[in-house]
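A structural walkthrough
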Amino acid sequence: MKHKTIIEPFKIKSVEPIKMTTEEERMIYLKAAHYNPFLLESKHVIIDFLTDSGTSAMSAEQWAGIMRGDESYAGSVSWKNMETEVTSLTGMPFILPTHQGRAAERIIYSHLGGKEKTFISNTHFDTTRANIEFSGAEAIDIVIDEGKDTSLIHPFKGNMNLEKLSQIIKDKGAENIGAVILTVTNNSGGGQPVSMENAIAISEICKANKVLLLLDCCRIAENSYFIKMREKAYANKSSREIAQAMFALADGAVMSAKKDALVNMGGFLALRDKALADACTNLLIITEGFTTYGGLSGRDMEALAIGLQEIFDPHYLEYRIKSTTYLGEHLHKLGIPVMLPIGGHAVYVDAKKLYPHIPVDQYPGQALVCELYLKAGIRTVEIGSVMFGKYDDDHDLIPANMELVRLAIPRRVYTQSHIEYVIETFAEILQDAPKIKGYKITQEPQYLRHFTAHFEKL
Ligand code: F0G
């Protein structure tokens, strides 16, 4: 029999209690956190959709790997296991372990960056942009126009605009392009996938211009599943084979293993070119650690090697993508404006459409983030003008393209009834929408302000 219900393809062996809180208590906690959920204590959160990063539940096999972890400073067996797995997946000969994605970013972008350099991406993730800009270089996002319209249906809204790519390379001069970075799936653009067709075309443009192509591959298994489902030529390939085909197009890859490698901490930089790998290895040793552990414990590397195998299990990927879609489609049916089609790791709500009465400089996304926490203890993150907004010379806000709120789903952590609870909450969010007010920022740092900014309710 063919079942309609896709069940969680795992049993639960160990549980983590959730502390229930009341709306009155949450009011106090949120005020103390200056209306910024990043400043909440996790014990005051009921459903934590802040991120899918480092929040996965590890498998029994990974926990067994944790015990087997070899903590030798040099030549650890666990490093060999990780290196073998990453090389087999990426096809790249030089693998540098790092403690997380942004450590790999700092190494490669501080080397390739600097004043006069330009980096081009479908959408740079916030830490990617920050590392590039910190080096003095500029970062340009060129996702296709369809990717900026939240209600438009398109199978690959994470694709890069190829004409713009060629034009920018021409305008800036190929020698001034630090790298082209293809982010799969396109996290800041709604978790939308990138097609193989687009990746091939990008790679051809990069090769013709001798520009370096890097994959930001932290959700490449999810991206590969979308390719398998939506791109005919790949229907009979496994998701792992599709990932390998995409790696084959690139000169290097940066991975935050905290996503699709199912670990709580870890990352790597994978490169093809020896000279580039040597330069990066120098920075690795100075700032992260020796070449056979980077910033990682042996046990982390062991769990990472196992996680990279588990993530491509077809039953897991089907459950993962279909359960995210389940949440998104139920919110859509309720009338909540969500980014369509639903992406891989998260559901993105269009706060500008939900709260059309709140101007962008009063941060409609932050208003929704606060409402979700107050009503139900659900923690989410604003991906809009709080995260990406800039100021002009008069200190007026230059807003982001979109005002999104992300509900990122940790891998293998929540069950269907948790998801039903979230859907119920949104019914009330919709009812109260016209009454909700915006926020102003009262304190902010120079970089990555969303992490620590303070807000006040207007
Ligand atoms: N690139 C992408 C596309 C990411 O989503 C992230 C992290 C990074 C790089 C940096 O990796 O956190 O290991 O240093 N994204 C997390 C998120 C934080 O919530 O989306 P990291």
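See the structure shown above.
Residues numbered from 1 in each chain as written. Predicted model: local features only at pLDDT ≥ 70, side-chain atom pairs only at ≥ 80, totals over all residues. Heavy atoms only, no water.

1. Structural notes on the overall build of the protein chain
Rules: Only runs of H or I of at least four residues qualify as helices and only runs of E of at least two qualify as strands under DSSP, and these elements are numbered from the N terminus. The quantity called the radius of gyration is restricted to C-alpha atoms. Its globule counterpart is 2.2 Å times the number of residues to the power 0.38. By definition, residues are in contact when any of their heavy atoms lie within 4.5 Å. The protein chains shown are the only cover counted for residues, whose accessible areas, like all others here, come from Shrake-Rupley with a 1.4 Å probe. In this tally, Asp and Glu contribute negative charge and Lys and Arg positive charge; neither His nor the terminal groups of the chain are included. All charge positions are set by atom: Lys at NZ, Arg at CZ, Asp at CG, Glu at CD.
Of the regular secondary structure elements, the protein chain holds 16 helices and 16 strands. A compact globule built from 458 residues should have a C-alpha radius of gyration of about 23 Å, and the protein chain, at 21 Å, falls within 12% of that. Dimensions of the protein chain, computed from the C-alpha atoms along their principal axes, are close to 60 × 55 × 45 Å. Summarising the internal contacts of the protein chain: among those between residues at least 6 apart in sequence, 72% fall at separations of at least 24. As presented, the protein chain carries roughly 19400 Å² of accessible surface, and 54% of it is formed by carbon and sulfur atoms. Charge-centre separation for the protein chain: the mean point of 49 positive side chains lies 3 Å from the mean point of 57 negative side chains.

2. Here's the deal with the pattern of salt bridges
Test applied: Any Lys or Arg side-chain nitrogen located within 4 Å of an Asp or Glu carboxyl oxygen qualifies as a salt bridge.
Under the counting rule described, the total for this entry stands at 26 salt bridges. In this structure, R379 and D48 form a salt bridge, with 2.8 Å as the shortest nitrogen-oxygen distance. You can see R379 sitting in strand β10 (residues 378-379) and its partner D48 sitting in strand β1 (residues 47-48), a full 331 residues away along the chain. Through salt bridges with shared partners, a single ionic network connects D52, R219, E222, D260, R320 and R411.

3. Overview of the sheet that holds strand β9 (residues 346-350)
Definition in use: Whether two strands pair comes down to DSSP finding at least two bridges between them. In this analysis, axes come from line fits to C-alpha atoms, helices being fitted only over the stretch in contact, and the angle between any two N-to-C directions falls in the range 0 to 180 degrees.
The strand order β9-β14-β11 describes an open sheet built from 3 strands, whose pairing is antiparallel. At either margin of the open sheet sits one strand with a lone partner, and together these are β9 and β11 (381-383). Going across the sheet, the axis of each strand differs from the next one's by a mean of 35°, ignoring polarity. As paired elements, β9 and strand β14 (residues 404-408) share 5 bridges and run antiparallel to each other.

4. Re the side chain of K157
Stated precisely, the cut-off is as follows: For each residue, the accessible area found with a 1.4 Å probe, counting protein chains only, is set against the maximum for its type, and the residue is called buried under 20%, exposed over 50%, and partly exposed in between. Polar contacts, as used here, are pairs of N or O atoms within 3.5 Å; protein pairs need one atom able to donate a hydrogen and one able to accept it. Residues neighboring in sequence count only if both atoms are side-chain atoms.
Position of K157 relative to the elements: it lies in the loop between β4 (138-141) and α6 (162-172). Although K157 is buried, it makes no salt bridge; D149 carries the closest opposite charge, 5.8 Å away. Side-chain polar atoms of K157 contact the backbone oxygen of T150, separated by 3.5 Å. Within the local environment of K157, its side chain forms a polar contact with the backbone oxygen of L340, the two atoms lying 2.4 Å apart.

5. Considering the sheet that holds strand β5 (residues 177-183)
Strand order in the open sheet formed by 7 strands is β2-β8-β7-β6-β5-β3-β4, and the pairing between neighbours is mixed. The strands lining the two open edges of the sheet, one partner per strand, are β2 (94-98) and β4. Looking at each pair of strands side by side, their axes are set apart by 20° on average, direction ignored. In this structure, strand β6 (residues 213-216) lies alongside strand β7 (residues 252-256), joined through 3 bridges in parallel fashion. When the bridges of β7 are listed, L214 appears paired with G252. In the packing of helix α7 (residues 196-209) onto the sheet, contacts are made with β5 and β6, and the angle to β5 comes to roughly 170°.

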